[in-house]
Amino acid sequence: MTEHDQEDLAPFDADVPGPEELARKIGQLQREIGQLQEAVVSHAVIDQAIGVVISLGGLRPDQGFGVLRTVSQKTNIKLREVAEQIVAWPAGQELSGDIRQALETALSEAGSA
């Protein structure tokens, strides 16, 4: 390789990240993958809970999501956690008293709308 060839490659060497930068980027990408995996699972549970809610109240899917959101807001419990309890409820797990009461109220309000 001539001196001129080495000079042409020099700008590319400056763009190559060092080991610390690569390790940082890998860590960042691993965190993003974990967040995306959690989001996919959370979305599936919420969709299942919407199904339970619309079956209970004879509602449209958009109303079902509204009921979940209302229950979450009234109980101050994350939407995903409300959805998890509602999905487990038909299989025999009990709903917490707060969620049960808020769900009954929200279903009643949505059904009369």
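Structure shown above.
Residues numbered from 1 in each chain as written. Predicted model: local features only at pLDDT ≥ 70, side-chain atom pairs only at ≥ 80, totals over all residues. Heavy atoms only, no water.

What follows concerns the environment of valine 82. Topologically, valine 82 is positioned in helix α4 (residues 79–88). As a C-alpha pair, valine 82 and leucine 95 span 13 residues in sequence and 9.1 Å in three-dimensional space. Those residues within four positions of valine 82 in sequence are excluded, and the remaining contacts are Leu68, Val71, Ser72, Thr75, Ile77 and Ile99. (Helix = DSSP H or I, 4+ residues; strand = E, 2+ residues; numbered from the N terminus. Contact = heavy atoms within 4.5 Å.)

Viewed as axis vectors pointing N to C, helix α3 (residues 61–75) and α4 meet at an angle of 115 degrees, and their least axial separation amounts to 9 Å. Put simply, α3 runs roughly perpendicular to α4. Crossing of α3 over α4 shows right-handed handedness. Facing Phe65, Leu68, Arg69, Val71, Ser72 and Thr75 of α3, the residues of α4 in contact are Leu79, Val82 and Ile86. Along the lines of polarity and charge, the residues of the contact of α3 with α4 split into six nonpolar, two polar and one charged. (Axes fitted to C-alpha atoms, helices over the stretch in contact; angles between N-to-C directions. Parallel < 35°, antiparallel > 145°, perpendicular 65-115°, else oblique. Left-handed = near helix turned anticlockwise from the far one by under 90°. Nonpolar A, V, L, I, M, F, W, Y, C, P; charged D, E, K, R; others polar.)

End to end, helix α5 (residues 97–112) covers 23 Å across 16 residues, agreeing with the expected 22 Å (1.5 Å per residue, within 8%). The set of residues buried in α5 consists of Ile99, Ala102, Leu103, Ala106, Leu107 and Ala110. One side of α5 carries all its buried residues, which in axial view fall inside an arc of 135 degrees. In α5, the exposed positions angled more than 90 degrees off the buried face are occupied by Gly97, Gln101, Ser108 and Ser112. (Expected span 1.5 Å × (residues − 1). Buried < 20%, exposed > 50% of the residue type's maximum accessible area, 1.4 Å probe, protein only. Arc of directions from axis to C-beta.)

Time to look at the packing of α3 against α5. Remark: α3 packs on α5, axes separated minimally by 9 Å, with the N-to-C direction vectors making an angle of 140 degrees. Relative to α5, the element α3 lies oblique. For the pair α3 and α5, the crossing hand works out as right-handed. Counted together, Gln63, Val67, Thr70, Val71, Lys74 and Thr75 of α3 and Asp98, Ile99, Ala102, Leu103, Ala106, Leu107 and Ala110 of α5 form the full contact between these two elements. A per-class count over the contact of α3 with α5 returns eight nonpolar, three polar and two charged.

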